[in-house]
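Here is what each chain is made of, one letter per residue.
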Amino acid sequence: MGNNYKGINTICTHVGELEDKQFKGAVSPLYMSSSYAFQDVDIKRYPRYFNTPNQEALCVKIAALEHAESALIFGSGMAAVSTAVLAFLKAGDHVVLQRELYGGTYNLINEEFDRFGIEYSFVDGLDAKDFETKIKETTKVIYIETPSNPLLSIVDIAAIGKVAKKHGIISIIDNTFASPVNQNPIDFGIDVVIHSATKYMGGHSDICAGAVASSKENIARIFHLGKNLGGSLSDYTVWLLERSLKTMGIRVKAQNENAMKMAKYLDSHKDIKKVYYPGLPSHNGHELAKSQMRGFGGMLSFEIKEGFDAEKFQKELNLIKPSMSLAGVESTMLSPAQTSHSLLGKKERQKQGIAENLIRFSVGIEETEDLIEDINNALNKVRK
Ligand SMILES: *Cc1c(COP(=O)(O)O)cnc(C)c1O
């Protein structure tokens with residue numbers, strides 16, 4: 001389990017791999033046992049304890065990818081989010097969160113926290129100062145997501161890390177949109193990094209998983225709640241995720257390049273009103289993104305000009321699939337107002353700056369010429 005490799009693709013391909021001592025196979029053997037002998041060994045292995053051979057091995061890779069001491073993997077991104085956040089909170093505590101959050105995370109807070117007596121404040125601005133003013137005596141956690149969904153807003157990770165340290169609270173980031181290829185928040189002073197591994201880590205739209213990376217001490221705390229909540233990941237999916245991670249570096253780099261090309265193209269398109277992509281100098285988080293990201297990611301959003309029906313536009317696409325999920329090697333689009341952010345209601349969407357005809361574009365690895373042709377064909381069909 002050599003852990004000293006520096007290059008992202010070497011880490012992706014090799015760190016944490018299990019040796020096939022029996023047959024000398026090239027890839028990690030898959031151990032599906034849910035039952036392990038406990039006599040004469042110092043570890044009681046069980047899938048829900050996050051310590052089967054494949055689970056432990058994959059966590060070594062994920063910790064290395066996020067420059068963390070330790071990591072845990074979960075049955076979904078939301079299992080990772082809920083376990084990591086709740087591990088640091090109890091009744092009477094308070095948490096400060098960015099308002100622009102993944103819909104599922106927003107719902108977890110909004111629909112469940114009152115019941116448990118956990119107080120929360122959503123922050124409307126993106127400045128660390130906006131977050132700091134919400135901190136109270138009882139605040140235990142500060143939670144951010146950058147780039148955020150769906151407007152790709154950028155929050156200053158180092159500044160949030162500083163605010164958290166100053167007030168002695170835990171800082172948590174959802175790093176899903178960036179992936180560890182483009183951003184390592186622990187290097188900027190963040191305590192806990194979360195991923196929906198369903199997205200870039202999985203990358204092929206065929207598995208559901210989550211990951212958390214942090215210090216040994218924090219991971220021990222998250223593990224303690226995690227084994228009680230029971231959100232562990234099945235070993236077969238662990239094995240698939242290891243396979244997926246081998247190509248994450250090259251996949252995400254290809255997606256970065258494609259997204260930049262598509263953002264530039266859409267930005268100059270006469271039918272497109274506005275493009276949100278941190279790689280464009282016109283994006284209000286561009287300078288900040290440059291300072292904390294190695295690449296700008298594969299996600300972008302755009303508003304089609306008035307007079308176009310965003311729903312019809314999506315129906316006319318052939319190559320690009322309408323899809324709720326994101327980050328696969330195949331390009332997908334969705335309308336946040338109709339899908340991921342429909343439960344928010346029009347008023348809350350307006351508050352968050354999400355236009356009704358905004359389209360979120362998860363750029364895949366296809367040739368951009370083909371993507372451009374697909375978009376143009378669809379626009380031509382819905383132009384009035
Ligand atoms: C998808 C997603 C999640 C939730 O992950 P699941 O695997 O669907 O549970 C959390 N955060 C972000 C940013 C996501 O995109």
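Preceding block: the structure.
Conventions used here
Residues numbered from 1 in each chain as written. Predicted model: local features only at pLDDT ≥ 70, side-chain atom pairs only at ≥ 80, totals over all residues. Heavy atoms only, no water. Helix = DSSP H or I, 4+ residues; strand = E, 2+ residues; numbered from the N terminus. Rg over C-alpha atoms; globule rule 2.2 N^0.38 Å. Buried < 20%, exposed > 50% of the residue type's maximum accessible area, 1.4 Å probe, protein only. Contact = heavy atoms within 4.5 Å. Areas by Shrake-Rupley, 256 points an atom, 1.4 Å probe, with all protein chains shown as cover. Lys, Arg positive; Asp, Glu negative; His and termini not counted. Charge placed at Lys NZ, Arg CZ, Asp CG, Glu CD. Pairing = 2+ DSSP bridges. Axes fitted to C-alpha atoms, helices over the stretch in contact; angles between N-to-C directions. Phe/Tyr/Trp six-rings, centres within 6.5 Å; stacked < 30°, edge-to-face > 60°. 1 Å grid on protein atoms, 1.4 Å probe; cavity = no way out; pocket = protein on both sides within 12 Å on 5 of 7 lines; lining within 4 Å. Points joined across faces, edges and corners; volume = space filled by probe spheres on them. Domains from an automatic or database assignment. Nonpolar A, V, L, I, M, F, W, Y, C, P; charged D, E, K, R; others polar. Core = buried A, V, L, I, M, F, W, Y, C linked by side-chain atoms within 4.5 Å. Near = heavy atom within 4 Å. Polar contact = N/O pair within 3.5 Å; in protein donor to acceptor, adjacent residues only side chain to side chain.

**Student:** Give me the overall build of the protein chain: which residues, what numbers.
**Tutor:** What the protein chain contains, in helices and strands, is 14 helices and 12 strands. Here the C-alpha radius of gyration of the protein chain, 21 Å, is about what a compact globule of 384 residues would show, namely 21 Å. Principal axes of the C-alpha set define a box for the protein chain whose edges measure 75 × 55 × 35 Å. Looking at the protein chain residue by residue over its 384 residues, the buried ones come to 56%. Intrachain contacts of the protein chain at a sequence separation of at least 6 include 72% that bridge at least 24 residues. Only carbon and sulfur atoms are counted for the fraction: they give 52% of the accessible area of the protein chain, which is about 16,900 Å². Taken as two groups, the 44 positive and 46 negative side-chain charges of the protein chain have centres that lie 2 Å from each other.

**Student:** Give me the sheet that holds strand 10 (residues 321–322): which residues, what numbers.
**Tutor:** A sheet is described by the order of its strands in space; here 5 strands give the open sequence 8-9-12-11-10, paired in mixed fashion. Of all strands in the sheet, those with a lone pairing partner are strand 8 (272–276) and strand 10, marking the two edges. Direction of pairing for strand 10 relative to strand 11 (residues 332–334): parallel, over a ladder of 2 bridges. Residue pairing across strands places Pro322 opposite Met333, the latter belonging to strand 11. Set on the sheet, helix 10 (residues 248–267) makes contact with strand 8, strand 9 (299–304) and strand 12 (358–362); between it and strand 9 the angle comes to about 15 degrees.

**Student:** How would you sum up the packing of aromatic side chains? Please name residues and give values.
**Tutor:** The full count for this structure, using the stated rule, is 10 aromatic pairs. Summarising the aromatic geometry, the rings of Tyr277 and Phe296 are spaced 6.4 Å apart at their centres and angled 75 degrees between planes, so their arrangement reads as edge-to-face. A residue pair is termed long-range when its members are at least 10 positions apart, and Tyr277 in the loop between strand 8 and helix 11 (286–292) and Phe296 in the loop between helix 11 and strand 9 qualify at 19 residues. In terms of burial, Tyr277 and Phe296 fall into one category: buried. Taken together, the ring pairs connect Tyr106, Phe113, Tyr120 and Phe122 into an aromatic cluster.

**Student:** I'd love a proper account of the layout of surface pockets, names of residues and values included.
**Tutor:** Approximately 340 Å³ is the volume attributed to the largest pocket. Lining the largest pocket are 23 residues, with Ile8, Ile11, Ala64, Leu65 and His67 sitting closest to its centre. When residues of the lining of the largest pocket are traced back to their parent elements, those giving at least two are helix 1 (8–14), helix 2 (53–65), strand 1 (70–74), helix 7 (179–182) and helix 10. Counting contributing residues per domain, the lining of the largest pocket is built from domain 1 (8–245) and domain 2 (248–382), each supplying no fewer than three. Roughly 300 Å³ of internal volume is contained in the second largest pocket. If you go around the second largest pocket, you meet 19 residues; those closest to its centre are Tyr102, Gly103, Gly104, Ser340 and His341. Here the element with the most residues in the lining of the second largest pocket is helix 4 (residues 103–112); it accounts for 4 residues. When grouped by side-chain class, the residues that make up the lining of the second largest pocket number 7 nonpolar, 9 polar and 3 charged. Three or more residues apiece are contributed to the lining of the second largest pocket by two domains, here domain 1 (8–245) and domain 2 (248–382).

**Student:** Tell me about the nonpolar core, and name the residues and values.
**Tutor:** The tendency in soluble globular proteins is for nonpolar side chains to be buried as a group. Grouped together as the largest cluster of nonpolar side chains are 32 residues, with contacts concentrated most on Leu58, Ile62, Ile73, Met201, Leu241, Leu245 and Met248. Elements supplying a minimum of two residues to this core: helix 1, helix 2, strand 1, strand 7 (210–214), helix 9 (235–246) and helix 10. Among the elements that make up this core, the one with the highest residue count is helix 2 (6 residues). Two domains each provide a minimum of three residues to this core, namely domain 1 (8–245) and domain 2 (248–382). When residues no more than four places from it in sequence are discounted, the contact partners of Leu241 are Leu58, Ala197, Met201, Gly202, Ile207, Ala209 and Leu233.

**Student:** An account of the sheet that holds strand 3 (residues 119–123) is needed here, citing residue identities and associated values.
**Tutor:** The strand order across the open sheet built from 7 strands is 1-7-6-5-4-2-3, with neighbouring strands paired in mixed fashion. Each having just a single partner strand, strand 1 and strand 3 make up the two edges of the open sheet. In this sheet, adjacent strand axes meet at a mean angle of 20 degrees when their direction is disregarded. Relative to strand 4 (residues 139–145), strand 2 (residues 94–98) runs parallel, the two being bridged by 4 bridges. In the strand pairing of strand 4, Leu97 is matched with Tyr143. Of the strands in this sheet, strand 1, strand 5 (170–174), strand 6 (192–196) and strand 7 touch helix 8 (residues 216–229), which is tilted by about 25 degrees from strand 1.

**Student:** Any details on the site of the ligand? Residues and values, ideally.
**Tutor:** Around the ligand sit 13 residues, and of these Gly77, Met78, Asp174, Thr198 and Lys199 come closest. Separating an oxygen atom of the ligand from a backbone N or O atom of Met78 is a distance of 2.8 Å. Interatomic distance of 2.8 Å between a side-chain N/O atom of Ser196 and an oxygen atom of the ligand. Of the residues contributing to the shell around the ligand, the split by class is 5 nonpolar, 5 polar and 3 charged.

**Student:** I'd love a proper account of the environment of Arg115, names of residues and values included.
**Tutor:** Its location among the elements puts Arg115 in the loop between helix 4 and strand 3. Looking at Arg115, the relative accessible area reads 60%, which means it is exposed. Separated by 24 residues in the primary sequence, Arg115 and Ala91 have C-alpha atoms spaced 9.3 Å apart. For Arg115, the side chain forms a polar contact with the side chain of Glu112, separated by 2.5 Å.

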